[in-house]
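# Structural overview
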Amino acid sequence: MNAVITAIGGFVPSSILTNKKISETVDTSDEWIVKRTGIKERRIADDNTATSDLAAAAVENLLENYKVDREEIEALLVATATPDHILAPTASIVCEKSGLVNAFGIDMNAACSGFLYALEMGANMIESGRYSKLIIVGADKMSSIVDYEDRNTCILFGDGAGAVLLEKTESGNGLMKTILKTDGSGVSSLAVPAGGSRTPISMQSLLHRTHYLKQDGAFVFKKAVSSMSQVSQDALAKNELQADEIDWVIPHQANLRIINAVGESLNIDAEKVKVNIERYGNTTSATVPLCLWDFKNDFKEGQNLLITTFGAGFSWGATCLKWGVMRDEKTAKISKNTTEKSVVMAH
Ligand code: UT7
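Read on for a plain summary of the structure. Predicted model, so just to flag it, every value in this text is computed and none were measured.

Moving on, we come to the site of the ligand. In the vicinity of the ligand lie 23 residues, with Thr-28, Arg-36, Asn-255, Arg-257 and Asn-282 positioned nearest. At a separation of 2.6 Å, an oxygen atom of the ligand approaches a polar side-chain atom of Arg-36. One of the side-chain N or O atoms of Arg-257 is found 2.9 Å from an oxygen atom in the ligand. For the ligand, the protein covers 72% of the area, taking 940 Å² as the surface of the free molecule.

Laid out in C-alpha cells, this is it:
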C-alpha cells in the first residue's frame, strides 16, 4: 500500500512586496536581487494574519476545490517554522478553523525541509495501515521573523501556505523511498537566536534584533547546493531510478542559483525543474507544496517527480514519487480565481 497525493490547495496573501519597494528601505537594487537570487517579488501577510490563517486558507482551498469531506480527515500535520504561538500548536488552530473535527493536529518544525519531513511521516502513517486520509500543510509567515533592516535576509523571504491530501492506494503510484538528513552543527549558520528557551525575548534581544532570522548566506548557499545534489542522487539510487526517468523536479525555492546548480549536477534539463521563486521568494515550509499547487496541471499520472529540500538545522532530504490520479476538481482552471477567493477567506 502506498500514500498518494489526491488533492492540492494553496494560498498566498494578496499584498506584493517588490524588489523596488525593498530598495527604498535598505541598500540594494532590483537588479542585484534578481541576479543573485532570481526573486522579483514576494507576498506579505497583513498584521491580522497569522500562519494558521495562511494554513487554513490553503486547507480550505483544497477541501472546497476537490469536495473533500472534512469529517473524514484523520490527521493534520502542519510544517511550520513560524507558529502562531510557542504554545499552543498551530495545527490545533487550523483544525478548529477548518472544521477538521475528527483529526488530530500536530506541528512539525524542520524549517525549509518541514513539508518534506511531514510528507514522509504522513506516508509512513498511511503505509502502516492505521490511517487512510491525512492533510499535510507547509505554512510560514516569514515576514514575522524577518529583519527588514537587514539586506542580507529581507530580500529572500515571503509568506504562503500549501496543503496536500494524502490517501492510500494500491495502484503502484505515490510516494517512493525518502532520504531525510539532519546536521545540528548547522544551527549557528541559520537561526532565530532569541525567542526560544535558550534565549527568551528580553530588552537585550530586542536591542540587538536577535529575535529576527540571522543567516551566513554564502556558507548556507554552498551547503544547500552540495547537500541537495548528493541527497537527490542518493534518493534516485535508492528508488532505482536514473535521472532521465525523472519528469519533474520540485526543489525548495531558496535561490534560483541553488536550484540551477542542483539541476545541473543531476544532469536534468532546466525545463523539467519547477521554479516559482520569482513570484513568492522563499516561503520556507511552503515552497514545495506551493510549487505542487502552481504546477499541478503539468503532472500526468505515472510521471516521476523528485522533491528535494534544504534548510535550517541543517535539515535536508529528497524523495521520489509517481504521480497518481487526482480527485475531480470543481473547476478546471483554478489558480487565479482560487487565490483571489482564498484572499477573501483569510482576511
Ligand atoms: O532556505 C534556507 C536556506 N537558505 C539558503 O539557501 C540561502 C542561501 N544563500 C543565498 O541565497 C545567498 O548567499 C544570498 C542571496 C543570501 C547572498 O548572495 P551571495 O551571492 O552569497 O552574496 P554574499 O553574501 O557573498 O555577499 C556578496 C556581496 C557582499 O558585499 P561585499 O562584502 O562583497 O562588499 C554583501 O554585502 O553582496 C552584498 N550583499 C548585497 N548587496 C546588495 C548582500 N546582500 C545584498 C543585497 N543587495 N541585498
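Cis rather than trans, the peptide bond between Leu-87 and Ala-88 has omega equal to 20°. Locating Ala-88 in the fold gives a position in the loop between β4 (75–79) and α4 (90–98). Along the chain, Gly-313 connects to Phe-314 via a cis peptide bond; the corresponding omega equals -10°. Inspection of the secondary structure assignment puts Phe-314 in the loop between β12 (304–311) and β13 (315–322). Backbone geometry places Ala-111, a non-glycine residue, at a positive phi of 50°. Although it is not a glycine, Glu-240 sits at a positive phi angle of roughly 55°. Along the chain, Glu-240 falls in the loop between α7 (217–238) and β11 (248–251).

How each quantity is defined
- Within any chain, residue numbers begin from 1 and follow the written order of that chain's sequence.
- pLDDT decides what is reported in this predicted model: residues at 70 or higher carry local features, side-chain atom pairs at 80 or more are listed and counted, and totals for whole chains, interfaces and linings draw on all residues regardless.
- In computing side-chain properties, one takes all heavy atoms of the structure into account and sets aside hydrogens as well as water.
- When we say a residue is near a molecule or strand, we mean one of its heavy atoms is within 4 Å of it.
- Distance and chemistry together define a polar contact, namely a pair of N or O atoms within 3.5 Å, with one atom able to donate a hydrogen and the other to accept it when in protein, and with adjacent residues in sequence counting only for side-chain atoms on both sides.
- To measure how exposed things are, a 1.4 Å probe is used in the Shrake-Rupley method; for residues, cover is taken only from the protein chains shown.
- Under the DSSP-based scheme used, a helix requires at least four consecutive residues in state H or I and a strand at least two consecutive residues in state E, with every element numbered from the N terminus.

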